[in-house]
Amino acid sequence: PLLSATVDAARRYYPTAALTEFDPPGGGTPAVYELVLSSADLQSAQGLVARYYRGTTTSGTPVREEVSLQAAADWTQTQPLTGTFTAEYRGALYAATYGKYALQVSNASNAAIFVDETAISAIPVSLAKGLHALRVQVPGGPLKFALQGQPPGVTQMQAVPGTALFRPPVSNSGLLGEYFPSADWT
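Everything in this summary refers to the structure shown in the same document. (Residues numbered from 1 in each chain as written. Predicted model: local features only at pLDDT ≥ 70, side-chain atom pairs only at ≥ 80, totals over all residues. Heavy atoms only, no water.)

1. Observations regarding the overall build of the chain
Okay, step 1: The helix and strand tally for the chain stands at 2 helices and 14 strands.
Okay, step 2: Going through the 186 residues of the chain one by one, you find that 35% of them count as buried.
Okay, step 3: For the chain, restricting intrachain contacts to residue pairs at least 6 apart in sequence, the fraction spanning at least 24 positions comes to 66%.
Okay, step 4: Accessible surface, the chain: about 11200 Å² in total, of which carbon and sulfur atoms supply 56%.
Okay, step 5: Here the chain carries 11 positive and 13 negative side-chain charges, and the mean point of each set is 8 Å from the other. (Helix = DSSP H or I, 4+ residues; strand = E, 2+ residues; numbered from the N terminus. Buried < 20%, exposed > 50% of the residue type's maximum accessible area, 1.4 Å probe, protein only. Contact = heavy atoms within 4.5 Å. Areas by Shrake-Rupley, 256 points an atom, 1.4 Å probe, with all protein chains shown as cover. Lys, Arg positive; Asp, Glu negative; His and termini not counted. Charge placed at Lys NZ, Arg CZ, Asp CG, Glu CD.)

This is the structure:
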């Protein structure tokens, strides 16, 4: 069952990849799976979905939608919409190791970052190794911004690389357990 779930996820994440199933000599369910990924297959899942909304909220239907390889843009010369707008970047953030991660959007003081639907502030947050739902909201205007992160063991903020960002159908999954040293959840 676990192997089957992994194969199903690989098919969803990389629908154009070459998948071969090898049955055991006596028949039965496949014993080995081979998934051959091209660089185009890998790149097809990277980045975030950027949606642009009129006004100051991300409610309703977006006016425009596109794929962005990073949660970054330069709107100093040209903006994606005229007038007041808000951009929202959605996808999954890959945490390479367990530990405290700090995230910020440079040059956008009113930006909001949500990891696993929890608002992230200036305080580093503990992330388990793996994929986490990511949502970044940036108010429109003539600015140049980038999502920056500081993973465990790194001493300064750096741009979150596109290789750590994934768009649907890649998503976070599983359960996250938290342990508390007391009976009152503190």
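2. Some remarks on the environment of Tyr33
Okay, step 1: Looking at where Tyr33 falls in the secondary structure, it is placed in strand 2 (residues 32-36).
Okay, step 2: The exposure class of Tyr33 is partly exposed, given its relative accessible area of 26%.
Okay, step 3: For Tyr33, the residues in contact, after removing those within four places along its chain, are Leu3, Val7, Leu19, Thr20 and Glu21.

3. Looking at the side chain of Thr86
Okay, step 1: Structurally, Thr86 is set in strand 6 (residues 85-95).
Okay, step 2: According to the relative accessible area criterion, Thr86 is buried, its value standing at 6%.
Okay, step 3: Looking at Thr86, its side chain comes within polar contact range of the main-chain oxygen of Gly55, at 2.9 Å.
Okay, step 4: Beyond its immediate chain neighbours, meaning those up to four positions away, Thr86 contacts Arg51, Tyr52, Tyr53, Gly55, Thr56, Thr57, Thr58, Val138, Pro139 and Gly140. (Polar contact = N/O pair within 3.5 Å; in protein donor to acceptor, adjacent residues only side chain to side chain.)

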